[in-house]
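Here is how the chains run, residue by residue.
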Amino acid sequence: MTERREQIVESAIRALAREGPAATTRVIAAEAGVNVATLHYHFGGKDALVGEVMRAVTDQIAGTLRAAIPTDAGVEEALEQALRAFWPYVRATRELQLLQYELTTSALRTEPGLARDQYAAYTDMVADIVEETVAASGQTIAVPVDDLVRIVVAGVDGLILQALVAGDDPAASKAVDRALDLFVRMVIRVADPTPAMGGPR
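Note that this is a predicted model, so its numbers are computed, not measured. (Residues numbered from 1 in each chain as written. Predicted model: local features only at pLDDT ≥ 70, side-chain atom pairs only at ≥ 80, totals over all residues. Heavy atoms only, no water.)

Draft legend 1. Spatial organisation of the overall build of the protein. Counting its secondary structure elements, the protein contains 9 helices and 0 strands. Start at the N end of the protein and walk to the C end: the helices and strands fall as α-α-α-α-α-α-α-α-α. In terms of principal-axis extent, the alpha carbons of the protein reach across some 65 × 40 × 30 Å. Within the protein, the proportion of its 201 residues that are buried is 44%. For the protein, restricting intrachain contacts to residue pairs at least 6 apart in sequence, the fraction spanning at least 24 positions comes to 68%. Accessible surface for the protein amounts to roughly 10,700 Å². Of this, 55% is attributable to carbon and sulfur atoms. Computed over 19 positive and 28 negative side-chain charges, the separation of the two mean positions in the protein equals 5 Å. (Helix = DSSP H or I, 4+ residues; strand = E, 2+ residues; numbered from the N terminus. Buried < 20%, exposed > 50% of the residue type's maximum accessible area, 1.4 Å probe, protein only. Contact = heavy atoms within 4.5 Å. Areas by Shrake-Rupley, 256 points an atom, 1.4 Å probe, with all protein chains shown as cover. Lys, Arg positive; Asp, Glu negative; His and termini not counted. Charge placed at Lys NZ, Arg CZ, Asp CG, Glu CD.)

Draft legend 2. Summary view of helix 9 (residues 170–191). An ideal rise of 1.5 Å per residue puts 32 Å on 22 residues; helix 9 measures up with 32 Å between its terminal C-alpha atoms. All of the buried residues along helix 9 are Ser173, Val176, Leu180, Phe183, Val184, Val187, Ile188 and Ala191. For helix 9, the buried positions fall inside an angular range of 125° around the axis, keeping them on one side. Looking at helix 9, the residues exposed on the side facing more than 90 degrees away from the buried face are Ala171, Lys174, Arg178, Leu182, Arg185 and Arg189. The inward-facing, buried residues of helix 9 contact helix 5 (75–92) and helix 8 (145–166). Near the N-terminus of helix 9, the side chain that reaches the backbone nitrogen of Ala171, with its oxygen 3.0 Å away, is that of Asp169. (Expected span 1.5 Å × (residues − 1). Arc of directions from axis to C-beta. Polar contact = N/O pair within 3.5 Å; in protein donor to acceptor, adjacent residues only side chain to side chain.)

Draft legend 3. Inspection of empty space enclosed by the protein at higher detail. Per the stated rule, a full pass over the model turns up 2 cavities of 30 Å³ or more. Roughly 400 Å³ of internal volume is contained in the largest cavity. Lining the largest cavity are 26 residues; nearest its centre among them are Leu65, Phe86, Met125, Val126 and Val156. Broken down by secondary-structure element, the contributors of at least two residues to the lining of the largest cavity are helix 4 (46–68), helix 5, helix 6 (94–110), helix 7 (112–137) and helix 8. A total of 8 residues in the lining of the largest cavity trace back to one element, the largest contributor, which is helix 7. Here the lining of the largest cavity is built from residues that sort into 20 nonpolar, 5 polar and 1 charged. Every residue lining the second largest cavity is listed: Val53, Met54, Val57, Leu99, Gln100, Leu103 and Gln118. (1 Å grid on protein atoms, 1.4 Å probe; cavity = no way out; pocket = protein on both sides within 12 Å on 5 of 7 lines; lining within 4 Å. Points joined across faces, edges and corners; volume = space filled by probe spheres on them. Nonpolar A, V, L, I, M, F, W, Y, C, P; charged D, E, K, R; others polar.)

Draft legend 4. Quick look at the environment of Val75. Mapped onto the secondary structure, Val75 falls in helix 5. We classify Val75 as buried; its relative accessible area is 3%. Along the chain, Val75 and Ala172 lie 97 residues apart, while their C-alpha atoms are 30 Å from each other.

Draft legend 5. Structural view of the pattern of salt bridges. Using the criterion set out here, one finds 9 salt bridges in the structure. Here Arg94 and Glu95 are joined by a salt bridge, their closest N and O atoms 3.8 Å apart. Assessed through its relative accessible area of 36%, Arg94 is described here as partly exposed. (Salt bridge = Lys/Arg side-chain N within 4 Å of Asp/Glu carboxyl O.)

Draft legend 6. Focus on a negative patch on the surface. On the surface, Asp124, Asp128, Glu131, Asp146 and Asp147 cluster together into a negatively charged patch. Secondary-structure elements contributing two or more residues to the negative patch are helix 7 and helix 8. Top element by residues in the negative patch is helix 7. It accounts for 3 residues. Secondary-structure assignment places Asp128 in helix 7. (Patch = residues over 30% accessible without salt bridge, like charges linked within 9 Å, V, L, I, M, F, W, Y side chains within 5 Å.)

Draft legend 7. Representation of unusual backbone geometry in the model. Positive phi is not limited to glycine here, since Asp192 has a value of about 45°. Structurally, the position occupied by Asp192 is in the segment after helix 9.

Draft legend 8. Molecular detail of the packing of helix 6 against helix 7. Contact geometry of helix 6 with helix 7 gives a least axis separation of 6 Å together with a crossing angle of 135°. The angle between helix 6 and helix 7 places the two elements in the oblique class. Listed contacts from helix 7 to Gln100, Thr104, Ala107, Leu108 and Thr110 of helix 6 are Pro112, Leu114, Ala115, Gln118, Tyr119 and Tyr122. Split into classes, the residues belonging to the contact of helix 6 with helix 7 amount to 7 nonpolar, 4 polar and no charged. (Axes fitted to C-alpha atoms, helices over the stretch in contact; angles between N-to-C directions. Parallel < 35°, antiparallel > 145°, perpendicular 65-115°, else oblique.)

So this is what it looks like as structure tokens:
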């Protein structure tokens, strides 16, 4: 992606996070400091730009997750660290998290392929992390990777939505935190990783 395209995508993320999917190409172009014709030259239209936004946000999440995973950890520690370290990012990027849900539901009505691509990217990302951790640790898990990944993505999705609804309500936020603790324990129990290098359980 060229520098100008990257600039427009970053500006689109800001504009869409601020105003929601209804943000016009004129608003996005103004945020990027370009004219609408330049935006259309690089992306053809808003749908293609929104697709790039969804991919950029997914890449950002992937980077956050990968940075959180200890490279020398076993599967259990890697899963726990990834899920817990991801949560401060969720709390700090409320508008971005809300935007993702808005773009997904909007795409399901108008461009369902964008939503399918988005979730394929999420599941592939988590699958890569699980498979790499399993390979590096010499461990095995008790369920197919695809099944574990679906559980993780579904659970994280639900917890993020609950956190968005909780907003600044302290009691509701604490309830979400407790649910996260239980979810981490559930994921580890479902994965049921063997000890590293096939040692005794």
